Amino acid sequence: MPEKFAQGVCWDLADLYASAEDPKIALDLTSAASQADKFEKKYKSFFKNPTTVAALPLAELLTDYKKIILLTVKLGAFSHLSFAEKTDKPGAGAFMQKIQAELTEIFSHLLFFEVQWNRLDEKIVSDLTACPEIQSDVHFLKKMRLYAPFTLTE
């Protein structure tokens, strides 16, 4: 009986990508990698000292961060769901691993944000999160700081 569970059931992932061979995947990986590299170059220097962190354009940073995260989540979800749908297909696992490896490289350019955000003084965080433009993201920022005692260095 278990061999009949979910027979013929498959997800329609066309809203994400047409297939694992879809050229949009490579374009999105390239775009995410480029955006992540620019993100690191643009914002990392703000965390060097208290004077520059006070000038951090947090609303702009969060907008850029979310664009990258949305793109990487799309790529990751597609690769995982494609694999889950056909775990016995040899190429599915390799595709998922390839995407995961590329996403790991992309996230290496974003890691500084979480690490440095969690190292900030509470007064600076309070001042930065008082900005009206980021009120919809304050919960995320505060939630991230819950892990500050457990955050390692880059």
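This section reports on the structure supplied with the text.

1. A look at the overall build of the protein chain
Across its full length, the protein chain carries seven helices and zero strands. When the helices and strands of the protein chain are read in sequence order from the N terminus, they spell out α-α-α-α-α-α-α. Computed over C-alpha atoms, the radius of gyration of the protein chain comes to 19 Å, more than 25% over the 15 Å expected from 2.2 N^0.38 for 154 residues, which places it beyond the range of a compact globule. Across the protein chain, contacts joining residues at least 24 apart in sequence account for 73% of those joining residues at least 6 apart. In the structure as shown, the protein chain presents an accessible area of about 9800 Å², 61% of it carried by carbon and sulfur atoms. Counting 18 positive and 21 negative side-chain charges, the protein chain places the averaged centre of each group 3 Å from the other.

2. A closer look at the packing of helix H1 (residues 23–43) against helix H4 (residues 90–107)
It is the contact of H1 with H4, at a shortest axis distance of 9 Å, that shows an interaxial angle of 20°. The orientation of H1 with respect to H4, classified from their angle, is roughly parallel. Judged by the sense of rotation from one axis to the other, the crossing of H1 with H4 is right-handed. Residues Ile25, Leu29, Ala32, Ala33 and Ala36 of H1 lie in contact with H4, whose contacting residues are Phe95, Lys98, Ile99, Glu102, Leu103 and Ile106.

3. Section: the packing of aromatic side chains
Summed over the entire model, instances satisfying the criterion amount to eleven aromatic pairs. With a centroid separation of 5.2 Å and an interplanar angle of 65°, the aromatic rings of Tyr65 and Phe113 are classed as edge-to-face. Residue Tyr65 is located in helix H3 (residues 58–85), and its partner Phe113 is located in helix H5 (residues 111–119); the two are separated by 48 residues in the primary sequence. Connected via pairs of aromatic rings, a cluster forms that spans Phe39, Tyr43, Phe47, Tyr65, Phe112, Phe113, Trp117 and Phe140. The ring of Tyr17 is capped by Lys74, whose NZ or CZ atom sits 4.6 Å from the centre of that ring.

4. A short note on the side chain of His109
Mapped onto the elements, His109 comes out in the loop between H4 and H5. Assessed through its relative accessible area of 17%, His109 is described here as buried. Within the structure, the side chain of His109 is placed 3.4 Å from the side chain of Glu105, a separation counted as a polar contact. In contact with His109, not counting residues within four places along its chain, are Ala36, Asp37, Phe39 and Glu40.

5. A short note on H4
Counted at 1.5 Å a residue, the expected span for H4 with its 18 residues is 26 Å, and the 27 Å between its end C-alpha atoms agrees. Turning to H4, its buried residues number three or more, namely Ala92, Gly93, Phe95, Met96, Ile99, Leu103 and Ile106. Burial along H4 is one-sided: seen end-on, the buried residues are contained in an arc of 160°. Opposite the packed face of H4, turned more than 90 degrees from it, sit the exposed residues Pro90 and Gln97. Of the surrounding secondary structure, the elements contacted by the buried residues of H4 are H1 and H3.

Scoring rules and cut-offs
- Residues numbered from 1 in each chain as written.
- Predicted model: local features only at pLDDT ≥ 70, side-chain atom pairs only at ≥ 80, totals over all residues.
- Heavy atoms only, no water.
- Helix = DSSP H or I, 4+ residues; strand = E, 2+ residues; numbered from the N terminus.
- Rg over C-alpha atoms; globule rule 2.2 N^0.38 Å.
- Contact = heavy atoms within 4.5 Å.
- Areas by Shrake-Rupley, 256 points an atom, 1.4 Å probe, with all protein chains shown as cover.
- Lys, Arg positive; Asp, Glu negative; His and termini not counted.
- Charge placed at Lys NZ, Arg CZ, Asp CG, Glu CD.
- Axes fitted to C-alpha atoms, helices over the stretch in contact; angles between N-to-C directions.
- Parallel < 35°, antiparallel > 145°, perpendicular 65-115°, else oblique.
- Left-handed = near helix turned anticlockwise from the far one by under 90°.
- Phe/Tyr/Trp six-rings, centres within 6.5 Å; stacked < 30°, edge-to-face > 60°.
- Lys NZ or Arg CZ within 6 Å of the ring centre and 35° of its normal.
- Buried < 20%, exposed > 50% of the residue type's maximum accessible area, 1.4 Å probe, protein only.
- Polar contact = N/O pair within 3.5 Å; in protein donor to acceptor, adjacent residues only side chain to side chain.
- Expected span 1.5 Å × (residues − 1).
- Arc of directions from axis to C-beta.

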